[in-house]
Amino acid sequence: MTATSDPASGCLTITLEGDLDCATAPALSARLQTVLGRRPVQRVVIDVAGLEFCDIAGARLFLRVAHEVTSSGAACCLRHPRAHIRWLLQHLDAGHLLESV
């Protein structure tokens, strides 16, 4: 995971790679909490282009992060999802997390 911040726009971009499943989600969740707690942002973009695999645990993590971010008044979206991630989120009625282009 890498995180880059643009203070001028208030955007935090988080880039994920590899697999996101029940084995990796807890550690990623802890890292995300640390990154998100550093400073307030206006928008969080999670770039998932490099995510090879994502299961329900990953989808739950995205929903939880989006809820926390939007509860603080910021926007949150997923960018560049592969077809299987898009399918998973749409079938979980979580398509709203996908970045609108």
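Within any chain, residue numbers begin from 1 and follow the written order of that chain's sequence. Given that this is a predicted model, residues contribute local features only at a pLDDT of at least 70 and side-chain atom pairs are listed and counted only at 80 or more, while totals for whole chains, interfaces and linings are drawn from all residues. Excluding hydrogens and water, the side-chain values take into account all heavy atoms of the structure.

J.: Before we go on, may I ask you to explain helix H2 (residues 56-71) in this structure?
T.: Side chains that are three or four residues apart share a direction in an α-helix, a result of its 3.6 residues per turn. A run of H or I in DSSP becomes a helix once it reaches four residues, and a run of E becomes a strand once it reaches two; helices and strands are each numbered from the N terminus. Multiply 1.5 Å by the residue count of a helix minus one, and that product is the helix's expected span. In this model, H2 (16 residues) spans 22 Å end to end at C-alpha, consistent with the 22 Å of a helix rising 1.5 Å per residue. Three exposure classes are used, based on accessible area relative to the maximum for each residue type with a 1.4 Å probe and protein chains only: buried under 20%, partly exposed in between, and exposed over 50%. The complete set of buried residues in H2 reads Ala57, Gly58, Ala59, Leu61, Phe62, Val65, Ala66 and Val69. Nitrogen and oxygen atoms within 3.5 Å of one another constitute a polar contact, given that in protein one can donate a hydrogen and the other can accept it, and given that sequence-neighbouring residues count only through two side-chain atoms. Sitting at the amino-terminal end of H2 is Asp55, which places a side-chain oxygen 2.9 Å from the backbone nitrogen of Ala57. Downstream of H2 by one or two residues, Gly73 has phi in the positive range, about 95°.

J.: It is not clear to me how the nonpolar core should be interpreted in this structure. Could you clarify?
T.: Within soluble globular proteins, side chains that are nonpolar tend to cluster in buried spots. Nonpolar cores are built from buried Ala, Val, Leu, Ile, Met, Phe, Trp, Tyr and Cys residues. Side-chain atoms within 4.5 Å join them into one set. Within the largest apolar cluster, 30 residues are counted, with the highest numbers of intra-cluster contacts made by Ile46 and Phe62. If sequence neighbours within four positions are ignored, Phe62 has contacts with Leu16, Leu20, Ile46, Val48, Leu51, Cys54, Leu78 and Leu97. Any two residues whose heavy atoms approach within 4.5 Å at even a single point are treated as in contact.

J.: Please explain the packing of helix H1 (residues 25-36) against H2 as it appears in this structure.
T.: Only the stretch in contact is used when a helix axis is fitted, and all axes are lines through C-alpha atoms; the angle between N-to-C directions ranges over 0 to 180 degrees. Closest axis-to-axis distance for the H1/H2 pair is 10 Å, and the angle between their directions is 15°. Comparing the axis directions of H1 and H2 gives the class roughly parallel. Here the hand of the crossing between H1 and H2 comes out right-handed. Residue-level contacts link Ala25, Leu28, Ser29, Leu32, Gln33 and Leu36 of H1 to Ala57, Leu61, Arg64, Val65, Glu68 and Val69 of H2. For the contact of H1 with H2, a count of residues per class yields eight nonpolar, two polar and two charged. Angles are sorted into four bins: roughly parallel if under 35 degrees, roughly antiparallel if over 145, roughly perpendicular if 65 to 115, and oblique for all others. Crossing handedness follows the turn of the near helix against the far one: under a right angle anticlockwise gives a left-handed crossing, and clockwise gives a right-handed one. Gly is put with the polar residues, along with every residue not named as nonpolar or charged; the nonpolar set is Ala, Val, Leu, Ile, Met, Phe, Trp, Tyr, Cys and Pro, and the charged set is Asp, Glu, Lys and Arg.

J.: What exactly am I supposed to notice about the pattern of salt bridges here?
T.: Side chains carrying opposite charge are able to pair once their charged atoms draw close together. By definition here, a salt bridge exists when the distance from a side-chain nitrogen of Lys or Arg to a carboxyl oxygen of Asp or Glu is within 4 Å. Scanning the entire structure with this criterion turns up three salt bridges. Put simply, Arg82 and Glu52 hold a salt bridge, and the shortest N to O gap is 3.2 Å. Here Glu52 lies in strand S3 (residues 43-54) and Arg82 lies in the loop between strand S4 (75-79) and helix H3 (83-91), a separation of 30 residues in the sequence. Here Arg79 makes a salt bridge to Glu99, at a shortest N to O gap of 2.9 Å.

J.: Sorry, what's going on with H1 here?
T.: The terminal C-alpha atoms of H1 lie 16 Å apart, and with twelve residues this matches the ideal 16 Å at 1.5 Å per residue to within 8%. Every buried residue of H1 is accounted for by Ala25, Leu28, Ser29, Leu32, Val35 and Leu36. For H1, the angular spread of buried residues about the axis comes to 125°, placing them on one side. Lining the buried residues of H1 we find strand S1 (2-6), strand S2 (11-20), S3 and H2. Note: the arc covers the axis-to-C-beta directions of the helix.

J.: Would you take a moment to explain the side chain of Thr13 for this structure?
T.: Within the fold, Thr13 resides in strand S2. Of the residues examined, Thr13 reaches a relative accessible area of 18% and is grouped as buried. With residues up to four places along the chain from it excluded, the contact list for Thr13 reads Thr2, Ala3, Thr4 and Val45.

J.: I tried to follow unusual backbone geometry on my own but got confused; where do I start?
T.: When glycine is set aside, most residues are seen to have a negative phi, and most peptide bonds are trans. A positive phi is found at His80, a non-glycine position, where the angle reads about 60°. One can find His80 in the loop between S4 and H3. In the Ramachandran plot, Asp93 falls in the positive-phi region, its phi being about 55° despite a non-glycine side chain. Examined against the element boundaries, Asp93 turns out to sit in the segment after H3.

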